[in-house]
Amino acid sequence: VGKKVQAIYLWWHKPVIDKELLQSLPNLKVIANSGVGMDHLDLNLVASFGVKMANAPRAVSSSTADTGMALLLASARRLVEVHNISISPSMEYCEVDILGVKIAGATLGIIGMGSIGYKVALRAKAFEMNILYHNRTRRKVQEEQAVGATYCEKIDSLLQQADFVMLVVSLTPQTHKLIGKRELELMKPTATLINISRGAVVDQEALGAALQTGVIGAAALDVTCPEPLPRDHPLLKLKNVIITPHLGIRTDKATYMITEEAVENILAALNGLPLPSEVFPS
């Protein structure tokens, strides 16, 4: 049926798009992805076959921003720890051992102020947080003022000031291990690192060492590398880490909207119209 296939809808990176598959589909016009991240695709290879590509940024931004704020709040108030205490047989604890971090008045540093990062800022403003952000391109002044965000041209400045650092960048060669030993040492010893982008954006070995030695206070990760982590991975044994299984976009409505957005892009490609969410090779 290879000659009949004109579109592929990728769901959680399946099917794998490689040269052999592309060669077997001579009439393929478009590949629509079920999410924002495109790091699982060789964009230049796909483009060399004359195939268009699209993602689903509109469908996933709100759900992913919700996940980011949920992780921030859960880590700050140590919800996993206190849940385990609450269901334990003895229910014994010392109040000073479960003190959380106050959110209102704390500083959130957002690295990557695209559509998801901006929605995180909107939510953080409602929690009365001070917002810093670093991005390849600065947002318009009106957009900054709407969320009370301050632009940091240098990532180092953001890392030094933030109580919470949230990663919301795409995985590219430039962002691979963007946060490593040097960057972690710039953060406050009480700071929390939150990652809702891709696991490979963080040097996980350096992160584990930083968490164990008090270089930073805590981490909340919706993404790891690999996913899932091996069951004996050191990060799984630390009390100051929360890990969720890449659930950023996993809500009932977001899943439905992703499919709608993918269909919209596919129909546009098949009818020779501009794709609403077209992605181009860098």
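Residues numbered from 1 in each chain as written. Predicted model: local features only at pLDDT ≥ 70, side-chain atom pairs only at ≥ 80, totals over all residues. Heavy atoms only, no water.

Student: So what exactly am I meant to see when it comes to the overall build of the chain here?
Tutor: Along the backbone of the chain there are 10 helices and 11 strands. Its C-alpha atoms give the chain a radius of gyration of 21 Å, within 12% of the compact-globule value 19 Å for 282 residues. Structurally, the chain occupies a C-alpha span of about 65 × 45 × 35 Å along its principal axes. In the chain, which comprises 282 residues, the proportion classed as buried is 45%. Considering only contacts in the chain between residues 6 or more positions apart, those separated by 24 or more positions represent 61%. Element-wise, carbon and sulfur atoms account for 56% of the exposed surface of the chain, whose accessible area totals about 14,800 Å². Once the 28 positive and 27 negative side-chain charges of the chain are each reduced to a mean point, those two points are 5 Å apart. (Helix = DSSP H or I, 4+ residues; strand = E, 2+ residues; numbered from the N terminus. Rg over C-alpha atoms; globule rule 2.2 N^0.38 Å. Buried < 20%, exposed > 50% of the residue type's maximum accessible area, 1.4 Å probe, protein only. Contact = heavy atoms within 4.5 Å. Areas by Shrake-Rupley, 256 points an atom, 1.4 Å probe, with all protein chains shown as cover. Lys, Arg positive; Asp, Glu negative; His and termini not counted. Charge placed at Lys NZ, Arg CZ, Asp CG, Glu CD.)

Student: Is there a simple way to explain the domain arrangement of the chain in this structure?
Tutor: A common way to express how large an interface is: the accessible area buried when the components associate. Segmenting the chain into domains produces domain 1 (2-58 + 250-279) and domain 2 (60-243). A separation of 30 Å is found between the C-alpha centroids of domain 1 and domain 2. Across the contact, 10 residues belong to domain 1 and 6 residues belong to domain 2. A buried area of about 640 Å², summed over both sides, lies between domain 1 and domain 2, and 50% of it is on carbon and sulfur atoms. It is V36, D39 and P57 that lose the most area in domain 1 upon contact with domain 2, and together they represent 49% of the buried surface on that side. Remark: the boundary between domain 1 and domain 2 carries 1 salt bridge. Here D39 and R198 are joined by a salt bridge, their closest N and O atoms 3.0 Å apart. (Domains from an automatic or database assignment. Buried area = accessible area lost by both parts, 1.4 Å probe. Salt bridge = Lys/Arg side-chain N within 4 Å of Asp/Glu carboxyl O.)

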